[in-house]
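Now for the letters of each chain:
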Amino acid sequence: MAKATNTNINEEILAFLRQDELDYPGAAQKFGAAAVPFLQEITEGSDENLATKAAYLLGYISDESAKTALVAAAGNKFSTVRIAAAYGAASQDVETAKSILGRLLSDYDHGVVKVTMRSIGERKLGKSLAKELKAVQKSLPAELKAQAKRMIK
């Protein structure tokens, strides 16, 4: 019976993720922590669109397992999934946010770094991630270099 219930929930999650306009906070409330294993499975899959949406949804779920899955998503092969992880990190506790954002600051994709820096600013973590910000400044485009300098101050 539990297997059938999981299958139904997974089908609901997939149906949600396949929509064009998504209510992530509503879905996080509806599915909760029970969705995390399936969402993590999706983020590790080969469908970039679904993986990105799953990572965004993970950022809205308040649960230890969601934090762990979001940290894993920060290392995903798709830059869009890493961007979703950077975005989701802003809604996590300070230690989880610092873990995700500190890692993503050195991402080779400047789009990922840009969203990461936005999340750092939103959470006011510039001073606590000053070491990481200084380390990546040299490799950033001018606009992001200036932003990194401001965040450290």
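Quantities reported herein were computed from a predicted structural model and do not represent experimental measurements.

Quick notes on the rules
- Starting afresh in each chain, residues are numbered from 1 along the sequence in its written order.
- Totals for whole chains, interfaces and linings use all residues, but because this is a predicted model, local features are given only for residues with pLDDT of at least 70 and pairs of side-chain atoms are given and counted only at 80 or more.
- Where side-chain values are given, they derive from all heavy atoms of the structure, hydrogens and water being excluded.
- Secondary structure follows DSSP: runs of H or I at least 4 residues long count as helices, runs of E at least 2 residues long count as strands, and numbering of each begins at the N terminus.
- By the convention used here, residues are in contact when the closest approach between their heavy atoms is within 4.5 Å.
- Think of it in three bands: with a 1.4 Å probe and only protein chains considered, a residue is buried below 20% of the maximum accessible area for its type, exposed above 50%, and partly exposed in between.
- Salt bridges, as used here, are contacts in which a Lys or Arg side-chain nitrogen is within 4 Å of a carboxyl oxygen on Asp or Glu.

(A) Representation of the environment of Leu133. Note on placement: Leu133 falls in helix 9 (residues 130-137). Between the C-alpha atom of Leu133 and that of Ser46, which follows or precedes it by 87 residues, the distance is 31 Å. Once you skip the residues sitting within four places of it in the chain, Leu133 turns out to touch Leu105, Met117, Gly126, Ala148, Met151 and Ile152.

(B) Main features of unusual backbone geometry. For Lys124, which is not glycine, the phi dihedral falls at a positive 55 degrees. The residue Lys124 is located in the loop between helix 8 (110-123) and helix 9 in this model. For Lys124, a relative accessible area of 72% corresponds to the exposed category.

(C) Quick look at the pattern of salt bridges. Counted according to the given criterion, the structure contains five salt bridges. Of the charged contacts, one joins Glu12 and Lys30 as a salt bridge, the two residues approaching to 3.0 Å between their closest N and O atoms. One end of the pair, Glu12, is in helix 1 (residues 2-17); the other, Lys30, is in helix 2 (residues 24-31), and 18 residues separate them in sequence. Residue class for Glu12 comes out partly exposed when judged on its relative accessible area of 36%. For Lys30, a relative accessible area of 58% gives the class exposed. Here Lys67 makes a salt bridge to Glu64, at a shortest N to O gap of 2.9 Å. Here Glu64 and Lys67 lie together in helix 5 (residues 64-73), a separation of three residues that amounts to about one turn. On the basis of relative accessible area, Lys67 is assigned to the buried category, the value being 17%. Residue class for Glu64 comes out exposed when judged on its relative accessible area of 55%. Through salt bridges with shared partners, a single network forms among Glu64, Lys67 and Asp93.

In short, shape yes, function no, at least from these values alone.
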